[in-house]
Structures are given as C-alpha cells and as structure tokens.
Amino acid sequence: MADRTPWSLSGALRGMFAKRTIDAETWEDLEDALLKADFGPAITDDVVEDLRAKVQRYSTTDPKDLQRMLRESIEERLAKYDPTLKLTERPAVVLVVGVNGVGKTTTIGKFARFLKTYNRTVVVGAADTFRAAAVEQLATWAERAGADVVRPQHEGQDPASVAFQTIEQAKARGTEIVLIDTAGRLQTKGGLMDELGKIRRVIEKQAPVAEVLLVLDATTGQNGLAQADAFIQHAGVTGLVITKLDGSAKAGFVLAVQEKTGIPIKLVGQGEGINDLTGFTPHVFAQNLVG
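Just so we're clear, the structure is a prediction, and the values are computed from it rather than from any experiment.

Remarks on the pairing of strand E5 (residues 209-217)
With respect to burial, E5 is a largely interior element, nine of its nine residues being buried. Summarising the sheet, strand E1 (residues 92-97) and E5 pair through five bridges and their orientation is parallel. Across the sheet, the residue bridging to Val94 is Glu211, located in E5. Pairing analysis gives five bridges linking E5 to strand E6 (residues 239-243), with the strands arranged parallel. Pairing of Leu216 across the sheet is with Ile242, part of E6.

In structure tokens form, the structure reads like this:
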C-alpha cells in the first residue's frame, strides 16, 4: 500500500541529514527539497551555494553540520525583518486586507483570539459589506474569540462608515485593539484600492492606523503573491500573515515572500482551529523546519 503521508520539507530534510556523509546526492536532494517547498529558484541557488562554500571552508562531511548550517542560514535570512506587531496606540487600529479566498475572515477571528490570550480587549469591524456571508462568518469567528463585533446597519452600507462606527465604539468603551475586515474582490483593482484609501482616510480622522496586514495563502505560493501585488503596491501594507502552513510543505514561501516584498511576516497560521494563529519568530520557525 502506498504511503499517504503528506510531503513536508522537515520530513525530507530529516531523512537527508540521517545519512552517513555529505555527497553529490545530498546536494541534489537538498536543492530538490527547497524547490519543492517553494523557496523559489533564486533563493534555492543562493542558499545551496552558500552552504557548499561553508562545507568546503570547514572541511566537513557530516550531514549534522550541514543541518546546523542550513538552520542558521534560514534563521539569519528571516531575521533581517522585524516581526513585531506595532500595537501600542489606543485604540490600535489594524486594517486586514487580502484577496477573497485566502482565509482573511477566519484569520481575523483567530487574530482576535490571539490578542485575547494577552488580555487585550478587541472589537472587530465587518467592513466587507459587499458579501452578507462575509459579515455573518466574521461575526461567528469574532464571537468565538470573545471579541465584540460592529456589523453594517443595513445591507450595502458604505464600508468606511462601518469602520468609522467601529472606531467610535472602541473609543467610547476604551477598547484597546480594533480589527477592520475589508473587501478582497479582484475584478476591479482600482475601485478596491480607492475604497481602501477611503476607509483609511475616514479611520485616520479618529485614530492612526497601526498596522495594515496582508493575508496570504501559503498553498497558492508565488501565484498568491502575484494576486496580492495590488495590495502591496497601493494599500500601505506593514506586515504579512501567512495562512495554511500546515505540514511545512510550502514553508519556503515564508522566506521567499519576505525577500521579494521587503515586508515582514508578523503572524502565521498552521491549522484550522481558532488557536492556530501565532506570532512569527524566525528562530523557532527555522528550528521547527530544519530540526
């Protein structure tokens, strides 16, 4: 019977580093594994070339040395970007943007739960008013997280006015953090960016925007990044949230997306549960990936 265990980079590397020596096959397997995990050709070549030079410099043939070097190399590259969430304002307003289908709505619920575990008070604004289902789904997740929700008062309400009401409520109640959902339709990129700009202007009359977080689906990899390019170009994105990183099959996307955009990853989602969104720590990520 065929093995149905999903492929993962950590699993592939474990087998590679269990061998007796570093040989030609090791380098081929390493390159294949990094490409399969969505590091992309340029970063894969760069990492492998760097590791070859180090192995030669230290005259080692021990795969355990290569494992350590790979872990350090990935951590060093990830650590060039600061993953700290800037949430010191009161209220700290976070705009959450992204293409429909990347898990934006569920991510907001998980983020609210993440913040609640640090005893922060949270209100969520359902400003994706063009999809009634999005409002209901967001409300369900926010309520599960123990966060307040501000819904549109009528169908098709202007998204900026929902954002305004959310900030208004936060200020009146002394709520610490505001999460604003936004539309993600790609059919009219120009109109979508104009709408985001309007939401931002309306918010900034009441409070500064602390973070603009772009949600990306790791399973769509480089294609997802291309789809989200309009947000990166026009929405003032300050941080990335990578969802669906289960099993590390697409873990290379984490490094590739930071290097390609110059924007730090601030949160990662590794499952479907409400507690499956965590802050991003380069050291922990590299350790879990490489072992």
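The structure having been displayed, the exposition proceeds.
Points about helix H3 (residues 41-57)
The end-to-end C-alpha separation of H3 is 24 Å, in line with the 24 Å expected for 17 residues at 1.5 Å each. Of the surrounding secondary structure, the elements contacted by the buried residues of H3 are helix H2 (24-36), helix H4 (63-78) and helix H11 (252-261). In the segment just after H3, Ser59 is the residue with positive phi, at about 50°.

Quick notes on the pattern of salt bridges
Enumeration over the complete set of coordinates arrives at 17 salt bridges. Salt-bridge contacts for Lys266 lead to Glu211; the nearest nitrogen and oxygen are separated by 2.8 Å. Separated by 55 residues along the polypeptide, Lys266 in strand E7 (residues 265-269) and Glu211 in strand E5 bring together distant segments of the chain. Each member of the pair Lys266 and Glu211 is classed as buried. One salt-bridge network, in which partners are shared between bridges, spans Lys19, Asp23 and Glu25.

A short note on H4
For H4, spanning 16 residues, the distance from its first C-alpha to its last is 22 Å, which sits close to the expected 22 Å at 1.5 Å a residue. Listing the buried residues of H4 in full gives Pro63, Leu66, Gln67, Met69, Leu70, Arg71, Ser73, Ile74, Arg77 and Leu78. Looking at the buried residues of H4, the elements they touch are helix H1 (9-17), H2, H3, H11 and helix H12 (282-290). The N-capping residue of H4, defined by a side-chain oxygen 2.9 Å from the backbone nitrogen of Lys64, is Asp62.

Some words on the packing of helix H5 (residues 104-116) against helix H6 (residues 132-145)
Two elements in contact, H5 and H6, have axes whose closest approach is 8 Å; the angle formed by their N-to-C orientations is 20°. Accordingly, the angle class assigned to the pair H5 and H6 is roughly parallel. When you trace H5 past H6, the crossing you get is right-handed. Residues Thr105, Thr106, Ile108, Gly109, Lys110, Ala112, Arg113 and Lys116 of H5 touch H6, and the partners they reach there are Ala134, Gln137, Leu138, Trp141, Ala142, Arg144 and Ala145. Its residues assigned to classes, the contact of H5 with H6 shows seven nonpolar, four polar and four charged.

A word on the nonpolar core
Nonpolar side chains in soluble globular proteins generally cluster together in the buried interior. Within the largest apolar cluster, 103 residues are counted, with the highest numbers of intra-cluster contacts made by Phe111, Leu179, Phe231 and Ile242. No other element matches the seven residues that E5 contributes to this core. Counting only domains with at least three residues in this core, you end up with domain 1 (13-80) and domain 2 (92-290). Each residue touching Phe111, except ones within four places of it in the same chain, is listed here: Leu85, Leu87, Val94, Leu179, Leu213, Leu267 and Leu277.

Structural notes on the packing of H2 against H3
Remark: H2 packs on H3, axes separated minimally by 9 Å, with the N-to-C direction vectors making an angle of 150°. With respect to H3, the axis of H2 lies roughly antiparallel. Like other packed secondary-structure pairs, H2 and H3 cross with a definite hand, here right-handed. Together, Trp27, Leu30, Glu31, Leu34 and Leu35 of H2 and Pro41, Thr44, Asp45, Val47, Val48, Leu51, Arg52 and Val55 of H3 make up the contact between the two elements. Taken together, the residues that form the contact of H2 with H3 break down as nine nonpolar, one polar and three charged.

Reading guide: rules and limits
- Residues numbered from 1 in each chain as written.
- Predicted model: local features only at pLDDT ≥ 70, side-chain atom pairs only at ≥ 80, totals over all residues.
- Heavy atoms only, no water.
- Buried < 20%, exposed > 50% of the residue type's maximum accessible area, 1.4 Å probe, protein only.
- Helix = DSSP H or I, 4+ residues; strand = E, 2+ residues; numbered from the N terminus.
- Pairing = 2+ DSSP bridges.
- Expected span 1.5 Å × (residues − 1).
- Contact = heavy atoms within 4.5 Å.
- Salt bridge = Lys/Arg side-chain N within 4 Å of Asp/Glu carboxyl O.
- Polar contact = N/O pair within 3.5 Å; in protein donor to acceptor, adjacent residues only side chain to side chain.
- Axes fitted to C-alpha atoms, helices over the stretch in contact; angles between N-to-C directions.
- Parallel < 35°, antiparallel > 145°, perpendicular 65-115°, else oblique.
- Left-handed = near helix turned anticlockwise from the far one by under 90°.
- Nonpolar A, V, L, I, M, F, W, Y, C, P; charged D, E, K, R; others polar.
- Core = buried A, V, L, I, M, F, W, Y, C linked by side-chain atoms within 4.5 Å.
- Domains from an automatic or database assignment.

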